[in-house]
Amino acid sequence: MAQKEVQLDRETFSCSICLDLLKDPVAIPCGHSYCMDCIKDHWDREGEKKMHSCPQCREIFIPRPVLVKNTMLAVLVEELKKTGLQAAPADHCYAGPEDVACDVCTGRKLKALKSCLVCLVSYCEKHLQPHYESPMFEHHKLVEPTEKLKENICSRHNEVMKMFCRTDQQCICYLCSVDQHKGHDIVSAAAERTERQRELEGSRHNIQQRIQDREEDVKVLQQEMEAINGSADKTVEHSEKIFTQLIRLMEKSLSDVKKEVRSQQETEVSRVKELQEKLEQEITELKRKDAELKKLSHTEDHNQFLHNYPSLSALSESTHSSSINICSLRYFEDATAAVSEVRDKLQDVLSWMRVNISVTTTELKVLLSQPEPKNRADFLKYSCEITLDPNTANTHLLLSEGNRKATYMENKQSYHRHPDRFTGCTQVLSRESLTGRCYWEVERRRGAVYVAVAYKNTSRDDDCGFGYDNKSRSLFWNNDSYLFLYNEYETPVSGPQSSRVGVYLDHSAGILSFYSVSDTMTLLHRVQTTFTQPLHAGLRLYDGTTAELCKLK
């Protein structure tokens, strides 16, 4: 009965060399047991040293012990095989290179189940039992297994760090509190943890609230996306039906035009054929009459000639040439002109339709884009470093301050020839192309300045400055007024005067805004359009003017 109560696991009767159940078990002088073949192989590899050791305790034996099978242990192993052993730990229960190993296990170590912050030891399930069963471990703190237990020991005093110095924001031991941290604001680690735990819970609450808010935003955007997709699908389907109807109407109109033209063709051809036949008959009759007259002209008998002449000389009524209405190639020009007019009107309608669709799409992009910045701090989040391109600078502009500053000069500067250079207007483009969201500021020292954005291929004509073509937009800025220019169209702009103008660009949303910058930002002018190419910042200066692209922090 007592035997049945004995609980032995497979590891107890396993060879620590092969890790399998003992086969022909032998006990060596130090008391450890091995398979006979395993210990023989181990000692054979040590044979050249003339001394032999235990693989577990490393005790040295000289000379080599004589191995004798331990009959009692062999019988016990065989009996326990029959009665059954506790299941051996599965391979995944043993500690691997990335696992925390039990500090108590000998030989092949099991994975640790918990680490004790008091003992500063990690335990597997078996060796952890005393902490659950014995009252002496009641106040020990068990945590998830960790290899960082040594970090809880003070490297200076080799004591557990149970205090926290708020002055230096670090964990310390009791001796530290009366030594180098004397006079500091010191509390127990548990008290500091409680305080930080409250802060952590507050942070988690805020994070969870933000997660909830963002999830709601995601749902709204998902609904918006579904609505957009649904609306777009319906619009495409409806447009396909309408254009199919238009195509059918066009085909029917083409058929009607063809029928009408062919009908007129048949009528006119029939008229012309009838007139042609009459003329051919008249020609035949005239040829016959001409032959008779010719014959009469050769009659030698005067009396016969005079007798026959009256009857032969009389001619039948001729077809008048005015009855032959020849329209040359203009028979169906009116029809061609009418069809061409329809085509031109249809092109205008389709062009108007494309523009409306483009505007609607742009407005939709604006609705879905991120909100515009509200204050200068928000704008500065999109600030970008911009420099002026010397290859585009007019020869009367001097660039300085790392190509951020432009000054109008009376004398020409010695720039080399370049196809991108402005030769007429005293202006310059930025080296950097601008896409996405960008913000920059221009400071004017004196004179009048055009602050512009333009495509790279904006006009280089001598008389075409920024804002005077459809590839650039500019804000004219002097001491007492503003003026916005695009494609030669001028728009007066009102707003407070300042020495600095800010420019905000959201390329994908098609937004361009100009601001007067001082202690506050005042919107001067805002453009909503569609940009088809990357943009470049631009400056145009007059005599005595200096302008600089500001460095923004």
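Residues numbered from 1 in each chain as written. Predicted model: local features only at pLDDT ≥ 70, side-chain atom pairs only at ≥ 80, totals over all residues. Heavy atoms only, no water.

K.L.:
Where do I start with a negative patch on the surface in this structure?
P.N.:
Residues Asp461, Asp462, Asp463 and Glu488 make up a contiguous surface patch of negative charge. On the secondary structure map, Asp463 appears in the loop between strand E15 (449-455) and strand E16 (472-477). (Patch = residues over 30% accessible without salt bridge, like charges linked within 9 Å, V, L, I, M, F, W, Y side chains within 5 Å. Areas by Shrake-Rupley, 256 points an atom, 1.4 Å probe, with all protein chains shown as cover. Salt bridge = Lys/Arg side-chain N within 4 Å of Asp/Glu carboxyl O. Lys, Arg positive; Asp, Glu negative; His and termini not counted. Charge placed at Lys NZ, Arg CZ, Asp CG, Glu CD. Helix = DSSP H or I, 4+ residues; strand = E, 2+ residues; numbered from the N terminus.)

K.L.:
Please clarify how helix H6 (residues 189-297) should be interpreted in this entry.
P.N.:
Every α-helix winds through 3.6 residues per turn, so residues three or four apart in the chain are directed the same way. Helix length check: H6 (109 residues) gives 151 Å between terminal C-alpha atoms against 162 Å at 1.5 Å per residue, within 8%. Every buried residue belonging to H6 is among Glu192, Leu275, Glu282, Lys289 and Leu296, and all of these are buried. (Expected span 1.5 Å × (residues − 1). Buried < 20%, exposed > 50% of the residue type's maximum accessible area, 1.4 Å probe, protein only.)

K.L.:
Would you explain the sheet that holds strand E19 (residues 500-506) in this entry?
P.N.:
Strands pair in a sheet through their backbones, by hydrogen bonds, and they do so in one of two ways: parallel or antiparallel. Taken together, seven strands build an open sheet; the order of strands is E11-E12-E23-E14-E19-E20-E21 and the sheet is antiparallel. Of all the strands in the sheet, the pair left with one neighbour each is strand E11 (397-400) and strand E21 (521-528). Neighbour-to-neighbour, the strand axes of the sheet open up by a mean angle of 20°, direction not taken into account. Sheet topology note: the strand E20 (residues 511-517)/E21 ladder contains seven bridges and is antiparallel. Within the sheet, the bridge partner assigned to Val517 lies in E21 and is Met521. (Pairing = 2+ DSSP bridges. Axes fitted to C-alpha atoms, helices over the stretch in contact; angles between N-to-C directions.)

K.L.:
What should I look at first to understand the pairing of strand E17 (residues 482-486) in this one?
P.N.:
When a strand is regular, its side chains alternate between the sheet's two faces. Sheet topology places E16 next to E17; five bridges connect them, and they run antiparallel. Paired with Ser474 across the strands is Leu485, a residue of E17. Between the end of E16 and the start of E17, which pair antiparallel, lie four residues. Here E17 runs beside strand E18 (residues 489-493); their pairing, made up of five bridges, is antiparallel.

K.L.:
Before we go on, may I ask you to explain the packing of aromatic side chains in this structure?
P.N.:
Two measures describe an aromatic ring pair: the distance that separates the ring centres and the angle between the ring planes. All chains considered together, the criterion is met by ten aromatic pairs. Here the aromatic rings of Tyr382 and Tyr504 are separated by 6.4 Å at their centres, their planes lie at 65°, and the arrangement is edge-to-face. Residue Tyr382 is found in the loop between helix H9 (376-380) and E11, and its partner Tyr504 is found in strand E19; the two are separated by 122 residues along the sequence. For the pair Tyr450 and Tyr542, a centre-to-centre distance of 5.9 Å together with 45° between the ring planes defines the contact as tilted. Separated by 92 residues along the polypeptide, Tyr450 in strand E15 and Tyr542 in the loop between strand E22 (535-541) and strand E23 (546-549) bring together distant segments of the chain. Joined through ring pairs, the aromatic side chains of Phe379, Tyr382, Tyr439, Tyr504 and Tyr515 make up one cluster. Between the NZ or CZ atom of Arg460 and the centre of the ring of Phe422, over which it lies, the distance is 4.4 Å. Positioned above the aromatic ring of Tyr486 is the side chain of Arg473, whose terminal nitrogen or guanidinium carbon lies 3.9 Å from the ring centre. (Phe/Tyr/Trp six-rings, centres within 6.5 Å; stacked < 30°, edge-to-face > 60°. Lys NZ or Arg CZ within 6 Å of the ring centre and 35° of its normal.)

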